[in-house]
Amino acid sequence: RKAKQKTTNSKMAMARGIRGIAASTFNCSALCTQQASSALPQLAWYSAAGSTQPNSIQDQNPHSCSAPLPIPIMRSTPHTLACPSYPASLHISRGFAAEAGSSGSGNGGDQEGGPPKEVHMSLQEALTKLVDTAVLMVEQGDAPGAVSVLREGITTFQPKFPDSPELSELYSQVALLSLMQGDVETASHHAKVAHDITFKAFGPGSLLVGHRSLRLGVVYFAQGRINEAASLLHTARETLQARNDPAQFEATLYMDFTLLAGTKHAGQVAQLEETILSSFKQMASIFGPESLVTSLALAQHDRLVHAPLAVPEPDPLLCETLLRQHAKLLEEVAPEGEDLAIVRYKLGTFYYVQDMLHDAESLVRRAGEALRQSYPDDSDLMVMCKHRLGMICAAGADHRAATKLLQISRDKYQGGGGSGAGLAKEADVGLAFAKFRALPAHADTEARTAALKEVRQAIDRLATAIGPTHMLSKGALRHLARMMVSANVTL
């Protein structure tokens with residue numbers, strides 16, 4: 001129930017944010033939103049499906065300008081445009097012409113069943129109505145439809161108002177929603193157009209250009225175009241800092257992210273941590289812990305965290321430092337939240353692989369306790385917590401608890417496809433570990449050897465399913481080697 005409410009709240013917040021940025025093309029305000037996401041894809045990197053990174057990188061257009069823009073708002077002659085989003089034909093002017101907002105006369109439009117009446121409005125009003133339509137679609141869970149409506153608006157208005165700064169807001173909104181859906185190419189194109197239109201209209205010193213540079217820099221960062229992103233973010237930060245604009249903290253954060261993207265050692269991560277945490281705290285305080293800029297900055301940092309985990313030979317200290325840093329960021333916005341619980345689970349899994357069983361158990365138990373507040377015991381997340389705790393117990397000395405927990409996960413995932421098949425194979429490894437641990441102290445060498453051979457066979461099946469370089473395969477071999485030493489057995 002809580003998970004469902006969280007999704008609903010996220011959609012409403014995202015829709016409110018979209019309305020905030022473009023409800024007035026002359027007074028652009030902060031977007032407050034959160035992208036609801038499935039929990040299981042967030043766990044893909046540690047699952048037995050293979051080393052994968054998140055499928056999409058999601059980003060934003062959180063705010064544009066808090067001050068009125070010096071846009072010329074009058075054209076002498078209104079233009080009649082056919083816009084499929086509206087039943088009436090629109091007479092659009094750049095601003096509030098004498099007839100703006102009045103209906104056409106003599107057309108019978110006020111009578112039910114008569115021909116459509118003409119509507120006269122400013123471009124600002126037209127764009128506001130267009131964005132309201134998109135907002136409604138986002139609230140209804142139809143983000144792709146909202147993108148279509150916004151792009152329809154661009155197609156309709158752009159020929160009559162080429163290079164209009166007002167239209168740059170529509171381009172920004174398309175970039176925002178496209179990036180949230182993982183379409184980084186579309187996001188990049190529209191963010192670039194929005195930036196160029198605004199730059200042409202107002203020049204390099206404009207505050208709005210600073211915001212457009214920030215947005216485009218973030219999109220480029222999401223694309224992996226680090227050098228181009230760093231240049232834009234540097235320009236944005238200088239402009240925003242000169243105006244004491246709160247978005248300066250977001251620009252600073254992403255500047256640090258560009259440096260973090262190239263780190264190879266844990267010491268480099270630690271050196272950046274103070275400024276990253278400081279900028280993020282400021283963002284969360286100003287824009288809100290569930291705002292778009294906050295939640296999507298977390299998504300970008302999460303991408304950086306998982307990159308070194310996906311390599312064949314991950315650096316344990318680097319991975320641990322990055323995961324801990326991500327947990328600190330999450331503690332700032334939701335100390336008992338679901339996302340933090342998932343990160344603790346991941347860190348616990350990493351500790352299990354490194355044979356740090358005490359730390360692993362503590363983190364997985366904390367994760368399970370937090371997730372239990374929102375999910376039933378038979379949910380995927382709860383079963384996965386039980387599975388990992390069972391593997392920790394199996395690698396340790398609690399074979400009874402291991403057998404009970406792993407039988408639950410094996411029954412759930414046996415015969416399934418995808419990551420479930422790999423988890424079932426890992427459960428077989430854990431059950432073989434538990435069988436070895438259950439041997440009496442006086443068991444002879446032959447019995448111990450036979451039990452460990454079963455473990456090795458189970459590990460081989462796991463490696464076939466998920467790959468021999470997967471960290472769970474390597475972790476299982478590490479635990480097997482320790483058991484062979486304790487049993488004085490050579491296979």
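Criteria and thresholds
- Residues numbered from 1 in each chain as written.
- Predicted model: local features only at pLDDT ≥ 70, side-chain atom pairs only at ≥ 80, totals over all residues.
- Heavy atoms only, no water.
- Helix = DSSP H or I, 4+ residues; strand = E, 2+ residues; numbered from the N terminus.
- Contact = heavy atoms within 4.5 Å.
- Areas by Shrake-Rupley, 256 points an atom, 1.4 Å probe, with all protein chains shown as cover.
- Expected span 1.5 Å × (residues − 1).
- Axes fitted to C-alpha atoms, helices over the stretch in contact; angles between N-to-C directions.
- Parallel < 35°, antiparallel > 145°, perpendicular 65-115°, else oblique.
- Left-handed = near helix turned anticlockwise from the far one by under 90°.
- pLDDT = per-residue confidence, 0-100.
- Nonpolar A, V, L, I, M, F, W, Y, C, P; charged D, E, K, R; others polar.
- Bend = angle between axes of the 7 residues up to and from the residue.
- Buried < 20%, exposed > 50% of the residue type's maximum accessible area, 1.4 Å probe, protein only.
- Phe/Tyr/Trp six-rings, centres within 6.5 Å; stacked < 30°, edge-to-face > 60°.
- Lys NZ or Arg CZ within 6 Å of the ring centre and 35° of its normal.
- Polar contact = N/O pair within 3.5 Å; in protein donor to acceptor, adjacent residues only side chain to side chain.
- Salt bridge = Lys/Arg side-chain N within 4 Å of Asp/Glu carboxyl O.
- Core = buried A, V, L, I, M, F, W, Y, C linked by side-chain atoms within 4.5 Å.

A closer look at the overall build of the chain
Here is step 1 of the chain: Of the regular secondary structure elements, the chain holds 19 helices and 3 strands.
Here is step 2 of the chain: Look at the contacts in the chain between residues 6 or more apart in sequence, and 67% of them connect residues 24 or more apart.
Here is step 3 of the chain: Surface exposure of the chain reaches about 20900 Å², of which carbon and sulfur atoms provide 52%.

Here we look at helix H5 (residues 168-180)
Here is step 1 of the chain: Look at H5: 18 Å from first C-alpha to last across 13 residues, which is about the 18 Å you get at 1.5 Å a residue.
Here is step 2 of the chain: Following H5 by one or two positions, glycine 182 has its phi on the positive side, about 90 degrees.

A few points about the packing of helix H7 (residues 207-223) against helix H11 (residues 292-306)
Here is step 1 of the chain: Close contact between H7 and H11 brings their axes to 11 Å; oriented N to C, the two are set at 30 degrees. Of the possible angle classes, the one that applies to H7 and H11 is roughly parallel. Judged by the twist between their axes, the crossing of H7 over H11 is left-handed. On H11, the residues touching Arg215, Phe221 and Ala222 of H7 are Val293, Gln300, Arg303 and Leu304.

Let's talk about unusual backbone geometry
Trans is the common state for peptide bonds, and a negative phi is the common state for residues other than glycine.
Here is step 1 of the chain: Unusually for a residue other than glycine, asparagine 244 sits at a positive phi of about 55 degrees.
Here is step 2 of the chain: Take asparagine 244: it is sitting in the loop between helix H8 (226-242) and helix H9 (248-260).

Focus: the confidence of the model for the chain
Here is step 1 of the chain: With 75% of its residues at a pLDDT of 70 or more, the chain shows a mean pLDDT of 79.
Here is step 2 of the chain: The model gives residues 15-111 a pLDDT under 50, and that stretch makes 304 contacts with residues more than four places away or in other chains.

A look at the packing of helix H10 (residues 266-287) against H11
Here is step 1 of the chain: At a closest axis distance of 8 Å, the pairing of H10 and H11 adopts a crossing angle of 150 degrees. Classed by the angle they form, the pair H10 and H11 counts as roughly antiparallel. Along the contact surface, H10 presents Phe280, Met283, Ala284 and Phe287, while H11 presents Val293, Thr294, Ala297 and Leu298.
Here is step 2 of the chain: Counted by class, the contact of H10 with H11 contains 7 nonpolar, 1 polar and no charged residues.

Details of H10
Here is step 1 of the chain: Along its 22 residues, H10 runs 30 Å from first to last C-alpha, staying within 8% of the 32 Å computed at 1.5 Å per residue.
Here is step 2 of the chain: Of all the bends in H10, the largest measures some 40 degrees and sits at glutamate 273.
Here is step 3 of the chain: For H10, every residue scored as buried is listed here: Ala266, Val269, Leu272, Glu273, Ile276, Leu277, Ser279, Phe280, Met283, Ala284 and Phe287.
Here is step 4 of the chain: Residues of H10 that are buried in the fold lie against H9, H11 and helix H12 (316-333).
Here is step 5 of the chain: Phi turns positive, to about 105 degrees, at glycine 288, one or two residues after H10.

Some thoughts on the packing of aromatic side chains
By convention here, two paired aromatic rings are described through the distance between centres and the angle between planes.
Here is step 1 of the chain: By the definition in use, this model includes 4 aromatic pairs.
Here is step 2 of the chain: Centroid distance phenylalanine 221 to tyrosine 254: 5.9 Å. Interplanar angle 75 degrees. Geometry classified as edge-to-face. Of the two residues, phenylalanine 221 sits in helix H7 while tyrosine 254 sits in helix H9, which places them 33 residues apart along the sequence. For the residue pair phenylalanine 221 and tyrosine 254, the accessibility class agrees, reading buried in each case.
Here is step 3 of the chain: The ring of phenylalanine 221 has arginine 303 lying over it, and the distance from NZ or CZ to the ring centre is 4.8 Å.

So, the side chain of histidine 387
Here is step 1 of the chain: Along the polypeptide, histidine 387 turns up in helix H15 (residues 380-395).
Here is step 2 of the chain: Here glutamate 426 takes part through its side chain, which lies 2.8 Å from a polar atom of the side chain of histidine 387.
Here is step 3 of the chain: Apart from the residues lying within four places of it in its own chain, the contact partners of histidine 387 are Leu406, Ser409, Leu423, Glu426 and Ala427.

Quick notes on the pattern of salt bridges
Here is step 1 of the chain: Enumeration over the complete set of coordinates arrives at 19 salt bridges.
Here is step 2 of the chain: Aspartate 302 is the salt-bridge partner of lysine 346, the closest N and O atoms lying 3.9 Å from each other. One end of the pair, lysine 346, is in helix H13 (residues 338-353); the other, aspartate 302, is in helix H11, with 44 residues separating them in the sequence. Per residue, the accessibility class of lysine 346 equals that of aspartate 302, and both read buried.

What to know about the nonpolar core
Here is step 1 of the chain: With 89 residues, the main nonpolar core has Leu214, Tyr352, Val429, Phe433 and Leu452 as its most contacted residues.
Here is step 2 of the chain: Residues Leu127, Ala134, Val147 and Leu176 belong to the second largest nonpolar core, which totals 29 residues.

What about the environment of glutamine 457?
Here is step 1 of the chain: Within the secondary structure layout, glutamine 457 lies in helix H18 (residues 445-466).
Here is step 2 of the chain: Since its relative accessible area comes to 45%, glutamine 457 is described here as partly exposed.
Here is step 3 of the chain: Measuring from C-alpha to C-alpha, the distance between glutamine 457 and alanine 432 comes to 9.4 Å, with 25 residues separating the pair along the chain.

Structural notes on the environment of glycine 390
Here is step 1 of the chain: Its location among the elements puts glycine 390 in helix H15.
Here is step 2 of the chain: By relative accessible area, which is 0% here, glycine 390 ends up buried.
Here is step 3 of the chain: Distance from glycine 390 to leucine 406, taken between C-alpha atoms, is 5.4 Å for residues 16 residues apart in sequence.
Here is step 4 of the chain: Those residues in contact with glycine 390 that lie beyond four places of it in its chain are Ala402, Leu405 and Leu406.

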